[in-house]
Amino acid sequence: MKKNLFFLAALTLNFVGYSQDADNEYKVLFIGIDGVRSDALQQQIANGNAPNIKHIFDTGMSTYDSWNMGTTSSGPSWSNMLTGVWQSKHGVSNNNYTGSNYNTFPYFPKRVKECRPDLKAVQITSWAPMSDNVYNDGWNNKIIVPTDDAATQVAINQLQDPQLDLLFYYLNDCDAAGHGNGFNPTVTPYMNAIAYADSQVGQVLDALEARPTYSSEKWLILVCTDHGGSGTSHGGNSNDERHIWWGAAGYQIPHMTITGSDPGSFTFGTPPTPAAIQQTPVQTDIAVTALNYLIRDSLCVQSHAAAWNLDGKSWLVQEESTAGLEQNKVFSNWKISPNPTTGICEISIPNATDESTQIAVCQLDGTTVHNTTVSSNSSNQQIQLDLSDLTSGTYLIRLTTKGQTTSQLMIKQ
Ligand SMILES: [Zn+2]
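Model, not experiment: these values are computed from the prediction.

Asks: Is there a simple way to explain the overall build of the protein in this structure?
Replies: Looking only at helices and strands, the protein has 13 helices and 16 strands in total. Within the protein, the fraction of its 413 residues that count as buried is 48%. The long-range fraction of contacts in the protein, counting pairs at least 24 apart against all pairs at least 6 apart in sequence, stands at 71%.

Shown next, in the form of structure tokens:
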């Protein structure tokens, strides 16, 4: 029996109906690296100086073309990423966190616990305001450390806890190097700080994979920054301050590299349009992707979604068969390319069956906009779709064969 996806208008949260019992195998490592300009990270990855972040990008979804769409300071930016709502809702516009509205729009661990009360969530940060000025956040433990090296060591220790479900691990020194020397790819101390942060991420990823229970757990790894910088500061509207990056890798995360243009800012100039937000991985998506990943009880989510009033969208691959993704080998390696696409794209299914395959292109509200049925006895199907007529935005491409359906996100530019 198939389950139908249900779509939550505007939120595009698509939840899968797993049993509550299976929840504790879904876990998230959320790596926050403060103040890393997109062009600087891109250069360090290209130069081989950030192999660990590169590994996350190479296996999951990633973008160097995300933009901070609010105030380019840490307080509001991390609030976007940890609440899943924009500044107009969480209320944080500065690093003193004055105006915060976390009682109405809390951090996502608090939301997860409404459906998964046993979640064990730990935050490690060397930037005290993020701990001291935030409330209603759902952390079981908020650990303030003096240095990034200490944060890394504490993260490694915390990852030995078999009960741990969610770890937020924060590194501050790239931002400090930018303030001290300049936020710029031409500034050696800044670039060295990025390379060093990557090596610390590598130590934490090693600790994650060394968990005795790792093979039976399903980890999502998120890595992101809050803002870039210009000269020795940030907080303003320049492209160098607003242009950011992030990545997500793990079970059910599609492998996609997203490029795109600036969708605009809620704080400076013309606000982004909904279509522009749909095409871009944006900061509020990070919290919603993590939330979506950690909660498998779709009925619980359904009963809370209106009250949560989240802004972000999830980047999980949608799995609609009760057989579960692992048993559903038919489509395990199918790909959409190019993705994002401007018009013509190709669906390739390496292990196609000899039965017909139905391909549907759906809007995120569930409306089908394109439908094709392909009959083939080839074991390697390549199907071209002309999507030139679609308006720009994010869509689901759904394949159905032998009573099984899987979906992937597709960006139309
Ligand atoms: Zn800063």
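Read on, since the account is not over.
Asks: Any chance you could explain the sheet that holds strand β10 (residues 335-337) here in plain terms?
Replies: Sheets are built from strands paired through backbone hydrogen bonds, the pairs being either parallel or antiparallel. Across the sheet, three strands lie side by side as β10-β11-β14; this open sheet has antiparallel pairing. With partners counted over all chains shown, the strands left at the sheet margins are β10 and β14 (381-386), one partner each. Across this sheet, the average inter-strand angle for adjacent strands is 20°, counted without regard to direction. Pairing analysis gives six bridges linking strand β11 (residues 344-349) to β14, with the strands arranged antiparallel. The residue of β14 that forms the bridge with Ile347 is Ile383.

Asks: Got a minute to help me understand the sheet that holds strand β8 (residues 256-258) in this structure?
Replies: The strand order across the open sheet built from eight strands is β4-β3-β5-β1-β6-β7-β2-β8, with neighbouring strands paired in mixed fashion. Here the strands that pair on one side only, and so sit at the sheet edges, are β4 (141-144) and β8. For this sheet, the mean angle separating the axes of adjacent strands, direction not counted, is 10°. Both strand β3 (residues 121-125) and β4 contribute to a ladder of four bridges, which runs parallel.

Asks: Explain the environment of Ala276 here, please?
Replies: Counting through the fold element by element, Ala276 comes out in helix α11 (residues 274-279). The buried category is assigned to Ala276, around which 20 C-beta atoms lie within 10 Å. Separated by 117 residues in sequence, Ala276 and Gly393 place their C-alpha atoms 7.1 Å apart. When neighbours within four sequence positions are excluded, Ala276 is seen to be in contact with Pro263 and Gly264.

Asks: I would appreciate a short explanation of the environment of Leu390 in the present structure.
Replies: Locating Leu390 in the fold gives a position in the loop between β14 and β15 (393-401). Judged by local crowding, Leu390 falls into the partly exposed class, with 17 C-beta atoms found within 10 Å. With 21 residues separating them in the primary sequence, Leu390 and Val369 have C-alpha atoms 8.2 Å apart. For Leu390, the contacting residues outside a window of four places in its chain are Val369, Tyr395 and Lys412.

Asks: Is there a simple way to explain unusual backbone geometry in this structure?
Replies: Peptide bonds are trans in most cases, and residues, glycine excluded, mostly fall at negative phi. Ser337 connects to Pro338 through a cis peptide bond whose omega is -10°. Here Pro338 shows up in the loop between β10 and β11. With an omega of 5°, the peptide bond between Asn339 and Pro340 qualifies as cis. At Tyr97, a residue that is not glycine, the phi angle is positive and equals roughly 65°. With respect to the helices, strands and loops of the structure, Tyr97 is situated in the loop between α4 (87-90) and α5 (108-115).

Asks: Looking at this model, I keep getting lost on the confidence of the model for the protein. Mind explaining?
Replies: Detailed reading of the predicted coordinates is not advisable wherever pLDDT is low. Averaged over all residues, the pLDDT of the protein is 85; the fraction at 70 or higher stands at 86%. Below a pLDDT of 50 lies the segment residues 1-21, which in the model reaches 41 contacts outside its immediate sequence neighbourhood of four places, other chains included. A low-confidence stretch, residues 320-330 (pLDDT under 50), is modelled with 24 contacts involving residues beyond four sequence positions or located in other chains.

Asks: When you look at α5 in this model, what are you seeing that I'm missing?
Replies: In an α-helix, one turn spans 3.6 residues, which is why side chains three or four residues apart end up on the same side. Phe108, Pro109, Arg111, Val112 and Cys115 are the residues of α5 that are buried. Down the axis of α5, the smallest arc covering the buried residues is 155°, so these residues share one side. Taken together, the buried residues of α5 touch α3 (74-83), β3, β5 (166-171), α12 (283-294) and α13 (298-308).

Asks: Please clarify how the packing of helix α1 (residues 38-46) against helix α9 (residues 188-209) should be interpreted in this entry.
Replies: Relative orientation and spacing of two packed helices are given, respectively, by the angle between their axes and the distance between those axes. In the contact formed by α1 and α9, the axes pass within 10 Å of each other and the chain directions differ by 65°. One finds that α1 runs roughly perpendicular with respect to α9. Taken as a pair, α1 and α9 cross one another with a handedness that is right-handed. Of the residues in α9, those in contact with Ala40, Leu41 and Gln44 of α1 are Tyr190, Met191, Ile194 and Ala195. Of the residues that constitute the contact of α1 with α9, the class distribution is six nonpolar, one polar and no charged.

Asks: Just to check I follow, could you spell out helix α8 (residues 173-181) for this structure?
Replies: Those residues of α8 not exposed but buried are Asp173, Cys174, Asp175, Ala177 and Gly178. The first or second residue beyond α8 is Gly182, which carries a positive phi of 120°.

Asks: Please explain the packing of helix α7 (residues 148-158) against α9 as it appears in this structure.
Replies: Relative to each other, α7 and α9 sit at 10°, their axes nearing to 9 Å. It follows that α7 is roughly parallel to α9 by the angle criterion. Between α7, through Asp148, Thr152, Ala155 and Ile156, and α9, the contact on the second element is made entirely by Gln200, Gln203, Val204 and Ala207. Looking at the contact of α7 with α9, its residues break down into four nonpolar, three polar and one charged.

Cut-offs used in this document
- Residues numbered from 1 in each chain as written.
- Predicted model: local features only at pLDDT ≥ 70, side-chain atom pairs only at ≥ 80, totals over all residues.
- Helix = DSSP H or I, 4+ residues; strand = E, 2+ residues; numbered from the N terminus.
- Buried ≥ 20, exposed ≤ 12 C-beta atoms within 10 Å, placed from the backbone.
- Contact = placed C-beta atoms within 7 Å.
- Pairing = 2+ DSSP bridges.
- Axes fitted to C-alpha atoms, helices over the stretch in contact; angles between N-to-C directions.
- pLDDT = per-residue confidence, 0-100.
- Arc of directions from axis to C-beta.
- Parallel < 35°, antiparallel > 145°, perpendicular 65-115°, else oblique.
- Left-handed = near helix turned anticlockwise from the far one by under 90°.
- Nonpolar A, V, L, I, M, F, W, Y, C, P; charged D, E, K, R; others polar.

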